[in-house]
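Each chain, letter by letter, is given below.
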Amino acid sequence: MPGLIRGVARTAVVAGTATAVSNRVSRRQAGRWARQDAQEYAPPASDPYAAQAPQPAAQPAELSSGDKIAQLKELGELRAQGVLTEEEFENQKRAVLGG
């Protein structure tokens, strides 16, 4: 019986090690792909419009909650499309929410 337990334990260790290595390789490869995508889609440094931050639109004195929700949804869609960066989205959201 001890030989059987030793064999099962060895198999478990090998399988666990293989899983850990495989997960590490997958995470590292996904990180490389993400960096490549970020470089590929980054605006060129010579683009004069890339350095300019969009000016916030003039807001009425007080928006109704329905207007705020609609505006937040629109901002979320623009962020999802890549039109707004995360920082621009947060700034605009703060302006809509009044804080």
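In this text the structure is predicted, and so the values were computed from the model without any measurement.

1. Some thoughts on the overall build of the chain
Phase 1 of the analysis: Across its full length, the chain carries 3 helices and 0 strands.
Phase 2 of the analysis: What you see in the chain, going N to C, is helices and strands ordered as α-α-α.
Phase 3 of the analysis: Out of the 99 residues belonging to the chain, those deemed buried represent 8%.
Phase 4 of the analysis: Accessible surface, the chain: about 8300 Å² in total, of which carbon and sulfur atoms supply 57%.

2. Some points on a positive patch on the surface
Phase 1 of the analysis: A cluster of like positive charges, contributed by Arg24, Arg27, Arg28, Arg32 and Arg35, occupies part of the molecular surface.
Phase 2 of the analysis: Its place among the elements puts Arg35 in helix α1 (residues 2-41).

3. So, the pattern of salt bridges
Think of it this way: side chains of opposite charge can pair up when their charged atoms draw near.
Phase 1 of the analysis: Counted by the stated rule, this structure contains 2 salt bridges.
Phase 2 of the analysis: The partner of Arg79 in a salt bridge is Glu86, with the nearest N and O atoms 3.3 Å apart.
Phase 3 of the analysis: Its salt-bridge partner being Lys93, residue Glu90 comes within 3.4 Å of it at the nearest N-O pair. You can see Glu90 and its partner Lys93 sitting in helix α3 (residues 86-97), 3 residues apart, about one turn around the helix.
Phase 4 of the analysis: Among the residues examined, Glu90 registers a relative accessible area of 26% and is labelled partly exposed.
Phase 5 of the analysis: A relative accessible area of 27% places Lys93 in the partly exposed class.

4. A few points about the UniProt feature "domain: SHOCT" (unreviewed entry) in the chain
Phase 1 of the analysis: Within this numbering scheme, the UniProt entry marks residues 70-97 as carrying the feature "domain: SHOCT" (unreviewed entry).
Phase 2 of the analysis: Measuring from the first to the last C-alpha atom of residues 70-97 gives 12 Å, for a span that is 86% helix and 0% strand.

About the criteria used
- Residues numbered from 1 in each chain as written.
- Predicted model: local features only at pLDDT ≥ 70, side-chain atom pairs only at ≥ 80, totals over all residues.
- Heavy atoms only, no water.
- Helix = DSSP H or I, 4+ residues; strand = E, 2+ residues; numbered from the N terminus.
- Buried < 20%, exposed > 50% of the residue type's maximum accessible area, 1.4 Å probe, protein only.
- Areas by Shrake-Rupley, 256 points an atom, 1.4 Å probe, with all protein chains shown as cover.
- Patch = residues over 30% accessible without salt bridge, like charges linked within 9 Å, V, L, I, M, F, W, Y side chains within 5 Å.
- Salt bridge = Lys/Arg side-chain N within 4 Å of Asp/Glu carboxyl O.
- Lys, Arg positive; Asp, Glu negative; His and termini not counted.
- Charge placed at Lys NZ, Arg CZ, Asp CG, Glu CD.
- UniProt positions renumbered as here; feature names shortened; annotations may be inferred.

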